[in-house]
Amino acid sequence: MSDGLEKRRLGRTDLDVTVFGFGCIKFPHISGEQAASALDRAIDLGVNFIDTARGYGDSEVKIGPVLKRRREEVYIATKSPTRDAKGAMKDLETSLRNLQTDYLDLWQAHWVCNEKEYDKVVRSPSIEIRIPS
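Please read these numbers as outputs of a predicted model, since none were measured by experiment.

A positive phi angle is found at Gln100, which is not glycine, with a value near 55 degrees. Along the chain, Gln100 falls in the loop between helix 3 (85-99) and strand 6 (106-109). The class of Gln100 is partly exposed, set by a relative accessible area of 35%.

Spelled out as structure tokens, the structure:
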């Protein structure tokens, strides 16, 4: 793996990610083999941040085989559009299964695009997240 890509700290996390990430929104339009080849190439070139979402069709399923082999080389982010705790936890379980991993590096609320959605997610949260110590 190349270490030539510049890295930066992601927000207030301890994640040191490459300035170029790999977004998988278009993976539903390509085969699993093409997706694996593209991901392997990106990781070989030093990319260490992969972004996907429950709403990106079968992208998580196509990422899973690569993560199974190369999980320690990358950070993985996915998203859930669900606004209630039970549904979000179901999305999380599905994502973990599809991605063939037992943890995520970043899990996001998807499509928070207006004040109403912001209120659902931030001002009156229905999901309590606990980070293990």
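In this section: the side chain of Arg71. By the element assignment, Arg71 lies in the loop between helix 2 (59-70) and strand 5 (75-80). By relative accessible area, which is 8% here, Arg71 ends up buried. Within polar-contact distance, the side chain of Arg71 engages the side chain of Thr101 at 2.9 Å. At a separation of 2.9 Å, a polar atom in the side chain of Arg71 contacts the side chain of Asp105. If we skip the residues at most four places from it in the chain, Arg71 touches Val66, Ile76, Thr101, Tyr103, Leu104 and Asp105.

Time to look at the pairing of strand 5. For strand 5, the buried fraction is high: five of the six residues fall into the buried class. Bridge count for strand 4 (residues 49-51) against strand 5 is three bridges, and the pairing is parallel. Residue Asp51 lies in a different strand from strand 5, and its bridge partner there is Ala77. The handedness of the strand 4 to strand 5 crossover, carried by helix 2, is right-handed. For strand 5 and strand 6, the ladder comprises four bridges, and the chain directions are parallel. In the sheet register, Lys79 faces strand 6, and the bridge partner there is Gln108.

Definitions and cut-offs
Residues numbered from 1 in each chain as written. Predicted model: local features only at pLDDT ≥ 70, side-chain atom pairs only at ≥ 80, totals over all residues. Heavy atoms only, no water. Helix = DSSP H or I, 4+ residues; strand = E, 2+ residues; numbered from the N terminus. Buried < 20%, exposed > 50% of the residue type's maximum accessible area, 1.4 Å probe, protein only. Polar contact = N/O pair within 3.5 Å; in protein donor to acceptor, adjacent residues only side chain to side chain. Contact = heavy atoms within 4.5 Å. Pairing = 2+ DSSP bridges. Right-handed = clockwise from strand over helix to strand, strands pointing away.

Honestly, it's all geometry; don't read function into it.
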